[in-house]
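Residue-level listing of the chains:
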Amino acid sequence: MTDTQLVIIGSGPAGYTAAVYAARANLSPVVIAGSVTAGGELMNTTDVENYPGFPAGVQGPELMESMREQAEKFGAEVVYDDVSTLKLNPGAHEIETALGARYTAKAVILATGSAYRELNLPNEKKLSGHGVSWCATCDGFFFRDQHIAVVGGGDSALEEATFLTRFASKVTLIHRRQELRASQAMQDRANADEKLEFLLDSEVAEIHGDDALTGLTVRSTVTGETSELPVTGLFVAIGSDPRTSLFADQLSLRPDGYLNVEGRSSKTAVEGVFAAGDVIDSVYRQAITAAGSGCSAALDAEHYLADLEAAAKQSADSLGEAVVAAPIGS
Ligand code: NAP
């Protein structure tokens, strides 16, 4: 068992920013970064053009590597492992990892982010890795000169769709409404892309294929009519849900599934447990807002630990005074 001041669970912009601040405050944070998901969702992104400080844009993985490097430079320990059990006990929260490491922490920052949504259609899971994917930057290369479909109407879907036109012969974006949710800049770029076509007011009704994807049945959300789309790639980009399974039974969640924090702070209902990033944010969900909330969580944890230390010192001092004041032999 390793006793620590602070364990940070998660390694997206929230987790790494919390680590930078906590490490600079000499808290020697341990970051449990994840075994395959270290760096979070930005590891699956290409150009990040709206992170301040990078006028020419920055690649998502490069940004995350820089954050990790910065945190380690100040003394954070980054562990590439997954938390398997978390027991929240104020004063000594217990963390166990999949590889069997065990920690106690006076404070914990939960920065577990969010997980990709699924369409929940038959064959979706079976054909995952065989034509169905959630990550264009990871898998796009395998679909050279093929016809690919992307589902979703947000920034992720449009970003994936435009990225995929680098490889695909054609990309069809399927969105359930007429209006796209994505930002205007993203829409303008997509509209200018000749390899990208839009199938609006439409949804995927069926996914076909035994060993590999062979096509989709697409249904109009207006008329209910169906048609066949003979694609060999399907990228699902319909948003994500907060990752709370580790602590859902110990902390209060909002009706939409996001973790509750106190007002504008990062404090959860359990003493010494703080939260940051996408797991608490159903509204903004940007790398920069996640980084900002990671900073807030580190500052909240730092103040909490300082108060804890002051209280411990005060009680040690008063115990010392009581011992001195007591007559010998009493
Ligand atoms: P999102 O904004 O929540 O969009 C999800 C899209 O998927 C929506 O268009 C939604 O349709 C659709 N959808 C949801 N459930 C569906 C279902 N079951 N079947 C079919 N369609 C479904 O998610 P996101 O695009 O992943 O973006 C998340 C956040 O990250 C946003 O704040 C976004 O701005 C940000 N982001 C930013 C960048 C960037 O700036 N470079 C890149 C990626 C993401 P409706 O529109 O009908 O609800």
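Residues numbered from 1 in each chain as written. Predicted model: local features only at pLDDT ≥ 70, side-chain atom pairs only at ≥ 80, totals over all residues. Heavy atoms only, no water.

Chemist: If you had to explain the nonpolar core to someone new, which residues and values would you point to?
Modeler: One recurring pattern in soluble globular proteins: nonpolar side chains tend to sit buried together. Ranked by internal contacts, the top residues of the largest apolar core, which has 36 residues, are Leu6, Ile8, Tyr16, Tyr51, Ala107, Ile109 and Phe274. At the level of elements, strand 1 (2-9), helix 1 (13-24), helix 2 (60-73), strand 8 (102-110) and helix 6 (287-325) are the ones that each hand at least two residues to this core. Looking at this core, the element that brings in the most residues is helix 6, giving eight residues. Setting aside anything within four residues of it in sequence, one finds Tyr51 in contact with Leu63, Met67, Ala287, Ile288 and Ala291. (Core = buried A, V, L, I, M, F, W, Y, C linked by side-chain atoms within 4.5 Å. Buried < 20%, exposed > 50% of the residue type's maximum accessible area, 1.4 Å probe, protein only. Helix = DSSP H or I, 4+ residues; strand = E, 2+ residues; numbered from the N terminus. Contact = heavy atoms within 4.5 Å.)

Chemist: Can you lay out the packing of aromatic side chains for me, pointing to particular residues and giving the numbers?
Modeler: Evaluated as defined, the whole model comprises six aromatic pairs. Here the aromatic rings of Phe141 and Phe167 are separated by 6.3 Å at their centres, their planes lie at 85°, and the arrangement is edge-to-face. Taken together, the residues Phe141 in the loop between helix 3 (136-139) and strand 11 (147-151) and Phe167 in the loop between helix 4 (155-164) and strand 12 (170-174) connect sequence positions 26 residues apart. On the basis of relative accessibility, which here comes to 52%, the residue Phe141 falls in the exposed class. (Phe/Tyr/Trp six-rings, centres within 6.5 Å; stacked < 30°, edge-to-face > 60°.)

Chemist: Break down helix 4 for me, with residues and values.
Modeler: Burial analysis of helix 4 places seven of its ten residues in the buried class, the great majority of the element. Here the buried face of helix 4 lies against helix 3, strand 11, strand 12, helix 5 (184-191), strand 13 (196-199) and strand 17 (233-236).

Chemist: Account for the sheet that holds strand 13, naming residues and giving values.
Modeler: Ordered by their spatial adjacency, five strands build an open sheet running 10-17-11-12-13, and the pairing between neighbours is parallel. Edge positions in the sheet fall to strand 10 (132-133) and strand 13, since each has one partner strand and no second. Bridge count for strand 11 against strand 12 is five bridges, and the pairing is parallel. Across the sheet, Val150 pairs through a bridge with Leu173, a residue of strand 12. (Pairing = 2+ DSSP bridges.)

Chemist: Give me the site of the ligand: which residues, what numbers.
Modeler: Not every one of the 19 residues close to the ligand is listed here, only the nearest: Asn50, Asp155, Ser156, Arg177 and Arg181. Contacts to the ligand include Gly154, whose backbone N or O atom sits 3.4 Å from an oxygen atom. A distance of 3.3 Å is found between an oxygen atom of the ligand and a backbone nitrogen or oxygen belonging to Tyr284. Protein chains bury 79% of the 910 Å² of accessible surface belonging to the ligand in isolation. If you tally residues by element for the shell around the ligand, the top one is helix 4, at three residues. Summarising the domain contributions, the shell around the ligand has at least three residues from each of domain 1 (2-116 + 240-319) and domain 2 (132-236). (Near = heavy atom within 4 Å. Polar contact = N/O pair within 3.5 Å; in protein donor to acceptor, adjacent residues only side chain to side chain. Areas by Shrake-Rupley, 256 points an atom, 1.4 Å probe, with all protein chains shown as cover. Domains from an automatic or database assignment.)

Chemist: Describe empty space enclosed by the protein, and please don't skip the residues or the numbers.
Modeler: All chains considered together, the criterion is met by one cavity of 30 Å³ or more. The space that makes up the largest cavity amounts to roughly 40 Å³. Among the elements that line the lining of the largest cavity, the one with the most residues is helix 4, at three residues. Its residues placed into classes, the lining of the largest cavity shows two nonpolar, four polar and two charged. Here the lining of the largest cavity spans two domains, and each of domain 1 (2-116 + 240-319) and domain 2 (132-236) adds at least three residues to it. (1 Å grid on protein atoms, 1.4 Å probe; cavity = no way out; pocket = protein on both sides within 12 Å on 5 of 7 lines; lining within 4 Å. Points joined across faces, edges and corners; volume = space filled by probe spheres on them. Nonpolar A, V, L, I, M, F, W, Y, C, P; charged D, E, K, R; others polar.)

Chemist: Before we move on, can you summarise the domain arrangement of the protein chain with the specific residues and values?
Modeler: Here the protein chain is partitioned into domain 1 (2-116 + 240-319) and domain 2 (132-236). The distance between the C-alpha centroids of domain 1 and domain 2 comes to 34 Å. Contacts between the two partners involve six residues from domain 1, matched on the other side by eight residues from domain 2. In total, domain 1 and domain 2 occlude about 600 Å² of area from one another, counting both sides; carbon and sulfur atoms represent 48% of this. (Buried area = accessible area lost by both parts, 1.4 Å probe.)

Chemist: Run through unusual backbone geometry, naming residues and quoting values.
Modeler: Despite not being glycine, Ser28 shows a phi value in the positive range, around 45°. Its relative accessible area of 49% is what places Ser28 among the partly exposed residues. Of note in the backbone geometry, Arg285 takes a positive phi value of approximately 45° without being a glycine. Relative to the helices and strands, Arg285 is located in the loop between strand 19 (273-275) and helix 6.

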